[in-house]
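Chain by chain, the residues run as shown.
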Amino acid sequence: MGNILHLADSASAAWHGHAWNEQQAAEFQATRALELARHALRHVPMYRKLCGAAGVTPGDLRSIDDFHSLPILSKEQLQDAGSD
């Protein structure tokens, strides 16, 4: 969980103090979303298993357009996974 908090803290620190235009903000958000998704694929056993079954690896996520390949999780799947 510490790594997720580190990502959030670094994103917050990077955001403050910048006067970004819309394109820069969108690129920053896309980069952070990709980092978070890759992190989940590498470190969350339940999500790694689901993505593996769908044939998705962290290296497959190269742009925000690749998010369509990620499996959609239901509330029930998350509840069933517990603390995995």
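Look up a bit, the structure's there.
Quick look at helix 3 (residues 45-53) now. Along helix 3, the residues classified as buried are Met46, Tyr47 and Cys51. Viewed end-on, helix 3 has its buried residues packed into an arc of 125 degrees, placing them on one side of the element. In helix 3, those exposed residues whose orientation departs by more than 90 degrees from the buried face are Lys49 and Ala53. Those residues of helix 3 that are buried are in contact with helix 2 (22-43) and helix 4 (75-81). Backbone geometry just after helix 3 places Gly55 at a positive phi near 80 degrees.

Applying the stated criterion across every chain, the model contains 1 salt bridge. The partner of Arg32 in a salt bridge is Glu35, and the shortest N-O contact between them spans 2.9 Å. Taken together, the residues Arg32 and Glu35, both in helix 2 and 3 residues apart, mark about one turn of the helix. Here Glu35 falls in the partly exposed class, since its relative accessible area comes to 28%.

This part is about the side chain of Asp66. Within the secondary structure, Asp66 is located in the loop between helix 3 and helix 4. Among buried Asp, Glu, Lys and Arg side chains, Asp66 stands out as unpaired, with Arg62 the closest opposite charge at 4.6 Å. A distance of 2.8 Å separates the side chain of Asp66 from the backbone nitrogen of Arg62, its partner in a polar contact. Sequence-distant contacts of Asp66, that is, excluding residues within four places in its chain, are made with Asp60 and Leu61.

Rules used throughout
- Residues numbered from 1 in each chain as written.
- Predicted model: local features only at pLDDT ≥ 70, side-chain atom pairs only at ≥ 80, totals over all residues.
- Heavy atoms only, no water.
- Buried < 20%, exposed > 50% of the residue type's maximum accessible area, 1.4 Å probe, protein only.
- Helix = DSSP H or I, 4+ residues; strand = E, 2+ residues; numbered from the N terminus.
- Arc of directions from axis to C-beta.
- Contact = heavy atoms within 4.5 Å.
- Salt bridge = Lys/Arg side-chain N within 4 Å of Asp/Glu carboxyl O.
- Lys, Arg positive; Asp, Glu negative; His and termini not counted.
- Polar contact = N/O pair within 3.5 Å; in protein donor to acceptor, adjacent residues only side chain to side chain.

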